[in-house]
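# Architecture at a glance
Read off the chains here:
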Amino acid sequence: MSTQRHRPGALGLVALVFLTTSALGQSGWQHSYEREAAGDYAGAMRALEPMIESQPSNEFLILRSAWLKYLNGDYNASLRDYRRALELNEQSLDAMLGITLPLLAQRRWREAAAQAHQALTVAPYNYYAHLRLMVAEEGLQQWRTLADHATEMTMRFPSDATFFVYLARARAWQGNVAAARAAYGHVLERAPGHEEAAAYIRSNR
Amino acid sequence: MTALAARRKVLTISSMLVLSNFISSVVNAQDSWFARVDLQTFTSQFSDAATSRDSLGNAGMFLRADYLERGGFTIGFNRTALDLDDGSSVDQDNIFLSGRVALTPDGIDGRITLRADGYNISNDAIDEADSVAAGTAQVSYLNFSETFYVDLGFTRSEYRGGQALAGRLDIDQFTPTIGFALNQQSDWVQVRGYFIDVSNASGANLPDSTSAFELKWTHWLRPNGFLNLNNLRFSVLGGERQFGVDHDAATIFNLAELQTGTLSVGGEWVFGEQNRLMLLVGVEEYESRQGSDPYRGPFLYLNFAHEWQ
């Protein structure tokens, strides 16, 4: 009898806890996104902390924490979170590509390139993996490698302006003005207001 | 060239080929390691009557290996020959070992590098020190946008043996350095101070302390520019520097002459992504320990570097 009398209470407690957590979670997510949109990345991170404490192995929470720490300039903490996310899910392209962000921010070009190559072994034509690899190649001043890489990507993504920008930069650093002008010309067709492309063509008529 | 010298040269070239094949295989096997080899030679002539020096020559190599951007080490070996007017010569070997660790702590907008160097020189001169050992600790900071650099280095050098140096000298050197980019990173200017204190200086007829400043300027050219050069370099050193240790060149100026100035200009060519050739010409000015008039020696420096990526 007493058990029966307490069962609804226990269920109610469980339900209350679930609803409260859920409600807190909902408001926590919402608040976090709102703070991020306002540029308050530390605030967006703080909004997640109660959930991180109760769900320390929640993959998405860890990924979001890594992203916000990256935006906030906490690059080492961001790296740790992205690596933790990759431990939890070795298939995660989000985590593999995420790791490149703080590495590139810290100008660790070779490490970022190695990470991008790892992502490309899983997803050979992933746009962001190629893009971040190109950022690393530019940082390493590997102009021939960058030119070859960008040429291939402009074939794979012919409507994209960004790969043409990297192709143009590589050609310009190689001293091939005609090829750089042509590539910047393609950029202006895809992004008519592109200042870098317009400035190069203006000064290399 | 004597048969012994020719055989030594062949052995040196074969050793370098073996070493370069070894490096290539290691780098290819593990793409987290990046290696670079530098081959260099330096030659200088002295025609001034104020010195007993006739010529100075140096040749050597450095092998640098880095694990991603986290740290690395450098091994160097250089042989120097100083020919004197009376036909005698001083030969010395310089072994260089260096290690570095790069740190990127949050809250600091740049990279901090901790570096430790060790030098060991042995020579066959009677007058100069029989052996020189030196250790350097350096901490440096380069901001992420690579527009500002600062470092502080400390070197303790120990000179042992040698009649004119009273048998034993300990030398402390502080080298504060600042560097910055100009003209949208087309130019880099670096200023380094050398503050050198000598123990037991009076016994060796040396000044207690010397100080000098060095200015280095590098200008990167546009592609297809002047002589297809990648960059132009200018360097000037003024003041007085005795027993100085140059961290950039990994060189100890251990012969007991007072360096009172250096002026050099040069440039660097880049071939592909893996090869570099640097040529510097300049003049160094010294005073002998006896306090005679300064004398000068024009020099030529050549460096070829190959990187494995």
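Bear in mind the structure is a predicted one, so any value in this text is a computation, not a measurement. Every chain is numbered on its own, with residues counted from 1 as its sequence reads. Lettering for chains starts from A, numbering for ligands starts from 1, and both go in the order in which the items are written. Reporting in this predicted model follows two pLDDT cut-offs: at least 70 for local features of residues, and 80 or more for side-chain atom pairs to be given and counted; totals over whole chains, interfaces and linings ignore these cut-offs and use all residues.

### Some words on the overall build of chain A
A run of H or I in DSSP becomes a helix once it reaches four residues, and a run of E becomes a strand once it reaches two; helices and strands are each numbered from the N terminus. The helix and strand inventory of chain A stands at 11 helices and zero strands. Overall, chain A shows an N-to-C arrangement of helices and strands of α-α-α-α-α-α-α-α-α-α-α. In chain A, which comprises 205 residues, the proportion classed as buried is 35%. A separation of at least 24 residues holds for 37% of the contacts in chain A among residues at least 6 apart in sequence. Three exposure classes are used, all based on how many other C-beta atoms lie within 10 Å of a residue's own C-beta (placed from the backbone): buried at 20 or more, exposed at 12 or fewer, and partly exposed between those limits. By the criterion used throughout, residues are in contact when their C-beta atoms, derived from the backbone, lie within 7 Å.

### Thoughts on the overall build of chain B
The number of helices and strands found in chain B is one helix and 16 strands. In chain B, buried positions account for 25% of the 309 residues. In chain B, of all internal contacts separated by at least 6 residues, the share reaching a separation of at least 24 is 53%.

### Details of the pairing of strand β2 (residues 53-67) of chain B
Residues and elements named next belong to chain B. Here strand β1 (residues 33-45) runs beside β2; their pairing, made up of 13 bridges, is antiparallel. In the strand pairing of β2, Asp38 is matched with Phe62. Relative to strand β3 (residues 71-84), β2 runs antiparallel, the two being bridged by 14 bridges. Along β3, the bridge assignment pairs Phe62 with Gly76. Between β2 and the antiparallel strand that follows it, β3, lie three residues; Leu68 among them carries a positive phi value of about 45 degrees. One bridge is not enough; two strands pair if DSSP finds at least two bridges between them.

### Some remarks on the interface of chain B and chain A
If you look at the interface, chain B gives 12 residues, while chain A gives 16 residues. Nonpolar residues are Ala, Val, Leu, Ile, Met, Phe, Trp, Tyr, Cys and Pro. Charged residues are Asp, Glu, Lys and Arg, and all others, Gly as well, are polar. Residues belonging to the side of chain B that touches chain A are distributed by class as follows: four nonpolar, four polar and four charged.

### Some remarks on the pairing of β1 of chain B
The side chains of a regular strand alternate between both faces of the sheet. Alignment of β1 of chain B against strand β16 (residues 295-308) of chain B, held across 10 bridges, turns out to be antiparallel. Bridge pairing links Asp38 of chain B to Ala305 of chain B in β16 of chain B.

### Considerations on the nonpolar core
For this entry, the nonpolar core is defined as buried Ala, Val, Leu, Ile, Met, Phe, Trp, Tyr and Cys residues connected by C-beta atoms within 7 Å. Residues Ala150, Tyr166, Leu167 and Ala168 of chain A are the most contacted members of the largest nonpolar core, which totals 51 residues. Looking at this core element by element, the count peaks at eight residues for helix α9 (residues 161-173) of chain A. Those residues in contact with Leu167 of chain A, other than ones at most four positions away along the chain, are Ala147, Ala150, Thr151, Thr154 and Ala183 of chain A. By size, the runner-up hydrophobic cluster in this structure holds 20 residues, among which are Ile121, Val132, Phe243 and Val245 of chain B.

### What to know about the environment of Thr145 of chain A
In this fold, Thr145 of chain A is placed in helix α8 (residues 143-156). Placed 93 residues apart in sequence, Thr145 of chain A and Ile52 of chain A show a C-alpha to C-alpha distance of 42 Å. When near neighbours in sequence (up to four residues on either side) are disregarded, Thr145 of chain A contacts Glu137 of chain A together with Glu273 of chain B.

### A look at helix α10 (residues 177-190) of chain A
Residue and element names in this part refer to chain A. Counted at 1.5 Å a residue, the expected span for α10 with its 14 residues is 20 Å, and the 20 Å between its end C-alpha atoms agrees. The set of residues buried in α10 consists of Ala180, Ala183, Tyr184 and Val187. Seen from one end, α10 has its buried residues packed into an arc of 100 degrees, which puts them on one side. Buried positions along α10 lie against α9 and α11 (195-203). One less than the number of residues in a helix, times 1.5 Å, gives the span that helix is expected to have. By construction, the arc corresponds to the directions joining the helix axis to the C-beta atoms.

### Here's the deal with α9 of chain A
Residues and elements named next belong to chain A. In a regular helix each residue adds 1.5 Å, so 13 residues correspond to 18 Å; α9 covers 19 Å between its end C-alpha atoms and thus fits that length. Along α9, the residues classified as buried are Phe163, Phe164, Val165, Tyr166, Leu167, Ala168, Arg169, Ala170, Arg171 and Ala172. Looking at the buried side of α9, the elements it contacts are α7 (127-139), α8, α10 and α11. Looking one or two places after α9, you find Gly175, whose phi comes out positive at around 85 degrees.

### As for the packing of α10 of chain A against α11 of chain A
All names here are of chain A. Every axis corresponds to a line fitted to the C-alpha atoms, with the helix fit spanning only the stretch in contact, and the corresponding angles, defined between N-to-C directions, vary from 0 to 180 degrees. Two elements in contact, α10 and α11, have axes whose closest approach is 9 Å; the angle formed by their N-to-C orientations is 140 degrees. Between α10 and α11, the crossing angle belongs to the class labelled oblique. The way α10 lies across α11 gives a crossing that is left-handed. Facing α10, whose interface residues are Ala180, Arg181, Tyr184, Gly185, Val187 and Leu188, α11 presents Ala197, Ala198, Tyr200 and Ile201. Broken down by class, the residue content of the contact of α10 with α11 amounts to eight nonpolar, one polar and one charged. Our angle categories are set so that under 35 degrees counts as roughly parallel, over 145 as roughly antiparallel, 65 to 115 as roughly perpendicular, and the remainder as oblique. Crossing chirality is assigned from the near helix's rotation relative to the far helix, an anticlockwise turn below a right angle marking it left-handed and a clockwise turn marking it right-handed.

### Section: the packing of helix α6 (residues 109-122) of chain A against α7 of chain A
Helix-helix packing is described using two parameters, namely the angle between the two axes and the distance between the axes. Residue and element names in this part refer to chain A. In the contact formed by α6 and α7, the axes pass within 9 Å of each other and the chain directions differ by 155 degrees. Considered as vectors, α6 and α7 are oriented roughly antiparallel to each other. The hand of the α6/α7 crossing is left-handed. Residues Trp109, Ala112, Ala113, Ala116, His117, Ala119 and Leu120 of α6 lie in contact with α7, whose contacting residues are Ala129, Arg132, Leu133, Ala136, Glu137 and Gly139.

### A short note on unusual backbone geometry
Residues and elements named next belong to chain B. Even without being glycine, Leu68 reaches a positive phi, approximately 45 degrees. In this structure, Leu68 sits in the loop between β2 and β3. Of note, Asn183 is a non-glycine position whose phi angle comes to about 50 degrees, a positive value. The topology assignment puts Asn183 in the loop between β8 (168-182) and β9 (187-198). Given 9 C-beta atoms within a 10 Å radius, Asn183 is considered exposed.

### A short note on the confidence of the model for chain B
Residue and element names in this part refer to chain B. Values of pLDDT, which run from 0 to 100, indicate the predictor's confidence residue by residue. Here chain B averages 87 in pLDDT, while 85% of its residues score no lower than 70. pLDDT under 50 marks residues 1-13. Its contacts with residues more than four places away, or in other chains, come to one contact. Across the predicted assembly, pTM comes out at 0.84 and ipTM at 0.80.

### Side note on the environment of Asn72 of chain A
All names here are of chain A. Mapped onto the elements of the fold, Asn72 is located in the loop between α3 (59-71) and α4 (75-88). The partly exposed category is assigned to Asn72, around which 18 C-beta atoms lie within 10 Å. Along the sequence, Asn72 and Gln30 sit 42 residues apart, while their C-alpha atoms lie 18 Å from each other. Filtering out sequence-adjacent residues up to four positions away, Asn72 remains in contact with Tyr41, Ala42 and Met45.

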